[in-house]
Amino acid sequence: MAYVYLDDSKHHRFGFSLAAFVICDTDPTEHVSSIFQNQGYDPEEFEYKSSAKMAGDVKLQALRDALKSFIGMHCRIAVCVVDDDKRLGPAGLSLLKSALSHPKLQSQSHTVFFDEGLFRSPKAAADLSDMDPAFARCDFHFEQDSRKHLGIQLADIVAHTCSTMLLDALGYVTKKVVLDAPEDSVYDGLEVELGFEMWAGIRYAFLAQNKKNPKDDFDLATVDVYPWGLFIDESVSGEISAAAMERFGENYLGCIH
């Protein structure tokens, strides 16, 4: 059984919105609450939002890094891309259907939480999910408050991270960052693109499978994310669709130095 959470990140002026699932083997609430408390935040009072101003806030940055570390070590992620954010909910269901065909999720029961505002109404969401037998083992909870379900706050981080990666792939993000790695690491002090830094920190979490017929050593170190961990809605423009497929469709897990 998995606990599955979806949240979104909207980028209308760039022609897309993106939603992300965080998939956990067990209920992450206790673990995430502990992370909040260890970083000096009350999980019952404070809500993590990726849209919050991070610059200069060392404490909030530390919380973000701790939550991303938890995602990288204990969760799997999947993303969908749409043009009109009104399609986010249905696209999320399409992504979930693909994700459930992954061997690690097949033939199991799952509890699924969607953030607020992704469907016209809870009834519309339930009617749509009830139509597909692929969701027979899913216990859906639509229009959920992220303050009450901390897994949605994890999905917020992934949606923001993957949106930045896609913006980088489209050429809209040009910021570079200096890596803060152990002093004996070849990466310490290296200047890299923000999108690369975000990908490097989350690449192992994508829901994926090994390539069936690897052609070379690069293929051996590369996994297919599509279709289990990626859904691109038909509403998306050709440029954005191609960039999303290139950025997320497969994932290199080998050495990157």
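Model, not experiment: these values are computed from the prediction.

Regarding helix H8 (residues 238-248)
For H8, the set of buried residues is Ile-240, Ala-243, Ala-244 and Phe-248. In a view along the axis of H8, the buried residues occupy a sector of 100 degrees, so they form one face of it. More than 90 degrees from the buried face of H8, the exposed residues found are Gly-238, Glu-239 and Glu-246. In the core, the buried residues of H8 are packed alongside strand S2 (16-24), strand S3 (75-82), helix H5 (150-169), strand S10 (230-232) and strand S11 (250-252).

Here's the deal with unusual backbone geometry
In this structure, the amide linkage connecting Tyr-226 to the following residue, Pro-227, adopts the cis form with an omega of 10 degrees. Despite not being glycine, Ser-107 shows a phi value in the positive range, around 55 degrees. When you line up the elements, Ser-107 lands in the loop between helix H3 (88-99) and strand S4 (110-115). The class for Ser-107 is exposed, based on a relative accessible area of 66%. Look at Glu-143: it is not a glycine, yet its phi comes out positive at around 55 degrees. Secondary-structure assignment places Glu-143 in strand S5 (residues 138-144). The class for Glu-143 is partly exposed, based on a relative accessible area of 28%.

Reading guide: rules and limits
- Residues numbered from 1 in each chain as written.
- Predicted model: local features only at pLDDT ≥ 70, side-chain atom pairs only at ≥ 80, totals over all residues.
- Heavy atoms only, no water.
- Buried < 20%, exposed > 50% of the residue type's maximum accessible area, 1.4 Å probe, protein only.
- Helix = DSSP H or I, 4+ residues; strand = E, 2+ residues; numbered from the N terminus.
- Arc of directions from axis to C-beta.
- Contact = heavy atoms within 4.5 Å.

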